[in-house]
Amino acid sequence: MIPATSDLSPLYSSLSSDPDLGGIVAIFVEEMPDRVAAIERAFEGADWDLVQRLAHQMKGAAGSYGFDQITPSALRLEFAARARNDHLELQSALAEFVGMCQRIRFGGPER
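Residues numbered from 1 in each chain as written. Predicted model: local features only at pLDDT ≥ 70, side-chain atom pairs only at ≥ 80, totals over all residues. Heavy atoms only, no water.

Undergrad: Teacher, can you tell me more about the packing of helix α1 (residues 22–44) against helix α2 (residues 48–64) here?
TA: Packed helix pairs are characterised by how far apart their axes lie and by the angle those axes make with each other. Packing of α1 against α2 brings their axes to within 8 Å, and their N-to-C directions diverge by 160°. As judged from the angle between their axes, α1 and α2 are roughly antiparallel. Along this stretch, α1 crosses α2, giving a crossing that reads as left-handed. Of the residues in α2, those in contact with Phe 28, Met 32, Arg 35, Ala 38, Ile 39, Ala 42 and Phe 43 of α1 are Trp 48, Leu 50, Val 51, Leu 54, Ala 55, Met 58, Ala 61 and Ala 62. Residue composition of the contact of α1 with α2, by class: 14 nonpolar, no polar and one charged. (Axes fitted to C-alpha atoms, helices over the stretch in contact; angles between N-to-C directions. Helix = DSSP H or I, 4+ residues; strand = E, 2+ residues; numbered from the N terminus. Parallel < 35°, antiparallel > 145°, perpendicular 65-115°, else oblique. Left-handed = near helix turned anticlockwise from the far one by under 90°. Contact = heavy atoms within 4.5 Å. Nonpolar A, V, L, I, M, F, W, Y, C, P; charged D, E, K, R; others polar.)

What follows is the structure in structure tokens.
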């Protein structure tokens with residue numbers, strides 16, 4: 001597994017307190033470790049097309065579930081996987097993305 005960034009502050013969805021959407025946000029948070037593991041497996045297998053596709057999906061999903069903070073990291077990973085020419089950039093983009101994903105939480109600071 002790629003080491004995460006040093007920022008450990010939790011990330012909360014802007015939709016967590018929505019009575020209609022809070023439940024699906026909770027499911028998204030619960031499924032995040034599996035989503036991250038899938039991207040890490042694709043990375044370890046040098047399956048750049050899959051890394052790109054999964055990062056693209058996460059870019060959209062994170063934003064849809066109110067985790068807009070993840071979108072730039074997912075976009076960076078998507079573009080790095082598409083370029084495929086700089087392994088250090090790929091590693092850095094993955095580490096940033098994984099670090100962001102590890103920080104998501106359901107609820108909010110007030111809970």
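Undergrad: Hey, could you run me through the environment of Gln 69 in this one?
TA: Mapped onto the secondary structure, Gln 69 falls in the loop between α2 and α3 (71–83). Along the primary structure Gln 69 and Tyr 12 are separated by 57 residues, whereas in three dimensions their C-alpha atoms are 9.2 Å apart. Those residues in contact with Gln 69 that sit more than four places away from it in its chain are Leu 11, Tyr 12 and Met 100. A polar contact of 3.5 Å, which involves the side chain of Gln 69, links it to the backbone oxygen of Tyr 12. (Polar contact = N/O pair within 3.5 Å; in protein donor to acceptor, adjacent residues only side chain to side chain.)

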